[in-house]
Amino acid sequence: MTETTVSADATLPGGAAPLLELRRVKAAYDRITVLHGVDLTVAAGQVVALLGPNGAGKTTTLNVAAGAHRPTAGALLLGGRDTTGAHARDLARSGVCLIPEGRGIFPNLSVRDNLRMMTFTGRDRAQIEEIAYTRFPVLGHRARQAAGTLSGGQQQMLALARGLATDPAVLLLDELSMGLAPLVVAELYEHVAELARQGVAVLVVEQFAAAVLKIADHAAVLVRGRVQWQGHPDSSLHAELSSYYLGSAA
Ligand code: ATP
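Every value quoted in this text rests on a predicted model; they were computed, and no experiment measured them.

So, how was this worked out
- Residues numbered from 1 in each chain as written.
- Predicted model: local features only at pLDDT ≥ 70, side-chain atom pairs only at ≥ 80, totals over all residues.
- Heavy atoms only, no water.
- Pairing = 2+ DSSP bridges.
- Helix = DSSP H or I, 4+ residues; strand = E, 2+ residues; numbered from the N terminus.
- Contact = heavy atoms within 4.5 Å.
- Axes fitted to C-alpha atoms, helices over the stretch in contact; angles between N-to-C directions.
- Near = heavy atom within 4 Å.
- Polar contact = N/O pair within 3.5 Å; in protein donor to acceptor, adjacent residues only side chain to side chain.
- Areas by Shrake-Rupley, 256 points an atom, 1.4 Å probe, with all protein chains shown as cover.
- Nonpolar A, V, L, I, M, F, W, Y, C, P; charged D, E, K, R; others polar.
- 1 Å grid on protein atoms, 1.4 Å probe; cavity = no way out; pocket = protein on both sides within 12 Å on 5 of 7 lines; lining within 4 Å.
- Points joined across faces, edges and corners; volume = space filled by probe spheres on them.

## Topic: the sheet that holds strand S1 (residues 18-29)
Inference 1: Reading across the sheet, the four strands line up as S2-S1-S4-S5 and stay open at both edges, with antiparallel pairing between neighbours. Edge positions in the open sheet fall to strand S2 (32-43) and strand S5 (81-82), since each of these has one partner strand only.
Inference 2: Running at roughly 120 degrees to S1, helix H1 (residues 58-65) makes contact with S1, S2 and strand S4 (73-78) of the sheet.

If you want it as structure tokens, here you go:
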């Protein structure tokens with residue numbers, strides 16, 4: 001398998017211009033560098049899967065893309081505009097939505113109140129609920145239920161619904177499948193694929209790849225802070241992944 005990087009100003013296969021772009025991004029915690037020059041692009045309507053073993057730097061990459069972690073070198077571009085160093089709040093206003101691992105919902109609040117908190121985005125409560133319940137009818141049936149008592153899949157739907165209230169142009173998803181049954185994961189990824197069809201640029205982090213690769217247009221494998229491979233997620237990638245994962249164990 002070949003090692004490839006996307007050149008800084010390349011367009012994507014099919015000619016689409018990248019909406020989200022990380023150029024040679026480095027990032028560190030204290031003085032320990034954990035990303036060593038990551039190049040990654042996501043176009044509108046595209047699902048890109050960012051895969052890799054524990055500790056590879058996947059979450060850090062998402063946090064850089066969301067403005068939640070400032071890179072020590074390289075650049076973050078949104079719609080071709082240099083947004084390196086921009087505050088997460090400003091990137092959120094520009095349409096970047098991060099759904100963190102662990103879902104980022106408030107377990108003691110009802111489904112409705114979790115959604116109501118998103119009115120800061122400028123949409124009113126009724127609009128937000130309508131969008132949420134149209135896409136995920138089960139949330140409508142459970143509007144008064146405490147979010148923490150929903151099933152794991154329903155909690156993830158609520159997290160997605162809260163994200164959709166911001167009308168995102170770029171959706172960043174961290175370990176959507178965590179702790180969920182394969183059928184539930186497949187259903188969630190169908191929703192994600194539908195969002196991409198509507199033009200959202202989606203970057204998905206997953207450690208275990210199978211579900212996301214069914215809907216991904218492009219995959220990148222991160223190992224120890226470096227993109228070791230990226231390309232179309234064809235069947236050979238499944239076979240090669242384990243070697244990247246095993247090779248990283250040290
Ligand atoms: P996982 O799948 O285990 O969540 P990951 O690929 O998402 O891993 P990151 O969480 O980005 O990887 O972590 C990359 C490296 O940075 C790891 O070595 C991790 O220990 C380190 N790291 C992550 N967060 C912090 C932090 N807040 N402080 C110090 N080091 C951190």
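Following the structure, the description resumes.
## What about the site of the ligand?
Inference 1: Surrounding the ligand, one finds Tyr 29, Val 34, Pro 53, Asn 54, Gly 55, Ala 56, Gly 57, Lys 58, Thr 59, Thr 60, Glu 175 and Gln 207.
Inference 2: At a separation of 2.5 Å, an oxygen atom of the ligand approaches a polar side-chain atom of Thr 60.
Inference 3: Calculation on the ligand without its partners gives an accessible area of 630 Å², and the protein chains cover 57% of this total.
Inference 4: Here the shell around the ligand gets three residues from one element, more than from any other, and that element is H1.
Inference 5: Of the residues contributing to the shell around the ligand, the split by class is four nonpolar, six polar and two charged.

## What to know about the sheet that holds strand S9 (residues 218-223)
Inference 1: One open sheet accounts for six strands, arranged S6-S7-S8-S3-S9-S10; its pairing is mixed. The two strands at the open ends of the sheet, each matched to only one other strand, are strand S6 (96-99) and strand S10 (226-231). Taking each pair of neighbouring strands and ignoring which way they run, the sheet shows an average axis angle of 15 degrees.
Inference 2: In this sheet, strand S8 (residues 201-206) lies alongside strand S3 (residues 47-51) in parallel orientation, the contact comprising five bridges. Counterpart to Leu 51 in the pairing with S8 is Glu 206.
Inference 3: Where helix H6 (residues 152-164) meets the sheet, it contacts S6 and strand S7 (170-174), and its direction lies at approximately 165 degrees from that of S6.
Inference 4: This element, helix H7 (residues 182-197), spans S3, S7 and S8 of the sheet and lies at about 150 degrees to S8.

## Side note on the layout of surface pockets
Inference 1: Its volume calculated, the largest pocket comes out at about 530 Å³.
Inference 2: Around the largest pocket sit 22 residues that line it, and Ala 92, Cys 97, Met 118, Phe 120 and Thr 166 are the ones nearest its centre.
Inference 3: Take the lining of the largest pocket: its biggest share by element is five residues, from helix H2 (residues 88-93).
Inference 4: Here the lining of the largest pocket is composed, by residue class, of 14 nonpolar, four polar and four charged.
Inference 5: For the second largest pocket, the calculated volume is near 380 Å³.

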